[in-house]
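Each chain, letter by letter, is given below.
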Amino acid sequence: MKQYTVAVLGATGAVGQEMIKILQERDFPVGKLIPLASARSAGKTLTFRGEEVAIREAGDEAFQGVDIVLGAAENDIAQRFAPAIVKAGAVFVDNSSAFRLDPKVPLVVPEVNPEDVSWHQGIIANPNCSTIIAVTAVNALNSIAPIRAMTASTYQAVSGAGAGGPVELMNQVEALSRGERCQPKVFSHQIAYNLIPQIGGEQLEGYTSEEMKMQNEGRKIMHLPQLKVSCTCVRVPVVRSHSISISCRFDVSVTVEQAREVIAKAPGCKLVDDLKNQRYPMPLDTSDQDLVFVGRIRPDLTDENGLCLWCCGDQVRKGAATNAIQIAELLVKE
Ligand SMILES: NC(=O)c1ccc[n+]([C@@H]2O[C@H](COP(=O)([O-])OP(=O)(O)OC[C@H]3O[C@@H](n4cnc5c(N)ncnc54)[C@H](OP(=O)(O)O)[C@@H]3O)[C@@H](O)[C@H]2O)c1
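Residues numbered from 1 in each chain as written. Predicted model: local features only at pLDDT ≥ 70, side-chain atom pairs only at ≥ 80, totals over all residues.

1. Considering the overall build of the protein
Per the secondary structure count, the protein includes eight helices and 16 strands. Relative to a compact globule of 334 residues, whose C-alpha radius of gyration would be 20 Å, the protein shows 20 Å and is just as compact. Projected onto the principal axes, the alpha-carbon positions of the protein cover approximately 60 × 55 × 40 Å. Burial statistics for the protein: of 334 residues in total, 48% are counted as buried. (Helix = DSSP H or I, 4+ residues; strand = E, 2+ residues; numbered from the N terminus. Rg over C-alpha atoms; globule rule 2.2 N^0.38 Å. Buried ≥ 20, exposed ≤ 12 C-beta atoms within 10 Å, placed from the backbone.)

2. Some words on the domain arrangement of the protein
Here the domain parsing of the protein yields domain 1 (4-127 + 320-333) and domain 2 (131-315). For domain 1 and domain 2, the distance between their C-alpha centres works out to 25 Å. When residues of the side of domain 1 that touches domain 2 are assigned to their parent elements, the largest contribution, three residues, is made by helix 8 (residues 317-333). Each residue belonging to the side of domain 1 that touches domain 2 can be placed in one class, and the counts come to seven nonpolar, four polar and two charged. (Domains from an automatic or database assignment. Nonpolar A, V, L, I, M, F, W, Y, C, P; charged D, E, K, R; others polar.)

3. Side note on helix 8
Across its 17 residues, helix 8 extends only 21 Å between first and last C-alpha, which sits more than 12% below the 24 Å expected from 1.5 Å per residue. Maximum bend of helix 8: about 35°, positioned at asparagine 323. Of all the 17 residues making up helix 8, twelve are buried; the element is thus mostly covered by neighbouring parts of the structure. If you check which residues of helix 8 are buried, you get Arg317, Lys318, Gly319, Ala320, Ala321, Thr322, Asn323, Ala324, Ile325, Gln326, Ile327 and Ala328. (Expected span 1.5 Å × (residues − 1). Bend = angle between axes of the 7 residues up to and from the residue.)

4. A word on the site of the ligand
Among the 28 residues in the neighbourhood of the ligand, the closest are listed as Gly10, Gly13, Ser38, Ser41 and Gly162. Counting only elements with at least two residues in the shell around the ligand, the list comes to helix 1 (14-25), strand 2 (30-37) and helix 8. Broken down by element, the residue count for the shell around the ligand peaks at three residues, all from helix 1. Grouping the amino acids of the shell around the ligand by side-chain chemistry returns 13 nonpolar, 13 polar and two charged. (Near = placed C-beta within 6 Å.)

5. Re the sheet that holds strand 15 (residues 292-299)
Spatial ordering of the open sheet is given by 12-9-13-16-15-14, a layout of six strands whose pairing is mixed. Only two strands of the sheet have a single partner each, and these edge strands are strand 12 (228-235) and strand 14 (269-271). Between one strand and the next, the sheet's axes are offset by a mean angle of 20°, whatever the strand orientation. Of the strands in this sheet, strand 9 (147-156) and strand 12 touch helix 5 (residues 209-222), which is tilted by about 145° from strand 12. (Pairing = 2+ DSSP bridges. Axes fitted to C-alpha atoms, helices over the stretch in contact; angles between N-to-C directions. Contact = placed C-beta atoms within 7 Å.)

Take a look at the structure:
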């Protein structure tokens, strides 16, 4: 089998570290791994398949001879290096939001629109983490009847803000337990014992940039250009796994039984829906694995053609690293 030279841009961060773990777990055909990060990390090492690999500072020349670049850095870094990556002939599977809505760039969730990988021109975007989890959960419903609109509220874990998020939560819990005050750095307010109903800056009529991703990216992934989504994104003091409450509205009635049946068979989903026995998706149960758990499926009492559900998924894995590596697997299959 052909072996590929794979670079991870942002190899030391929350998503980059997970990518390196998942490349090993899924036995991706990596001939050579090139971990790239900032000058701060250059010279440090990480372990890949039992061997120490040196981390290099990212620079345009680092992409020569690379087949696939897995992007795990912020927008400005992705934008800065994308031209060099494409020029070097590599495919850039990027986790930032820099290229997601570019009409020349496919935006892919392999369980939903794997066919879109085929028209890439050197860049494929990985969607927003909450959007990946939501569309993986509702895509099967869309096969019964097109989804017209959704109302979603997200409960997003602190690790969604990068490797510094969990450290800040733990530091604050410890400081407060000693009776000390805590100074927020990663988040705009204290996150310990609190909820912060803002992720991203204001983008449109009081909605934040993170909230608008659910509509804009959801439309592109599910090929539903008219889809309307009202979303509220909330940072919660959970270490890992995002949870989302979703109400879907269709043009026709979809029963709870129909929904359970298709979700139970949907790729990437696990139906966990037994309220009487207190079984439903929870972030502790969905962490460090790749399935999106879906439950609490019930009629929407405000709309006869609506259904409500609750889903949870590991946003560092399925919401970022695993989804990107699944895209790379589609590329290799091509
Ligand atoms: N965390 C999540 O759950 C999640 C989910 C979905 C998507 N994403 C997206 O994935 C990307 C990475 O997020 P993250 O949470 O992993 O962030 P992070 O933990 O803060 O990691 C950022 C990475 O970028 C590297 N970096 C910073 N400046 C650089 C430079 N000048 N050149 C090369 N590399 C540089 C850092 O290297 P140093 O260690 O050397 O600074 C680090 O490896 C972001 O676009 C984020 O929006 C994150």
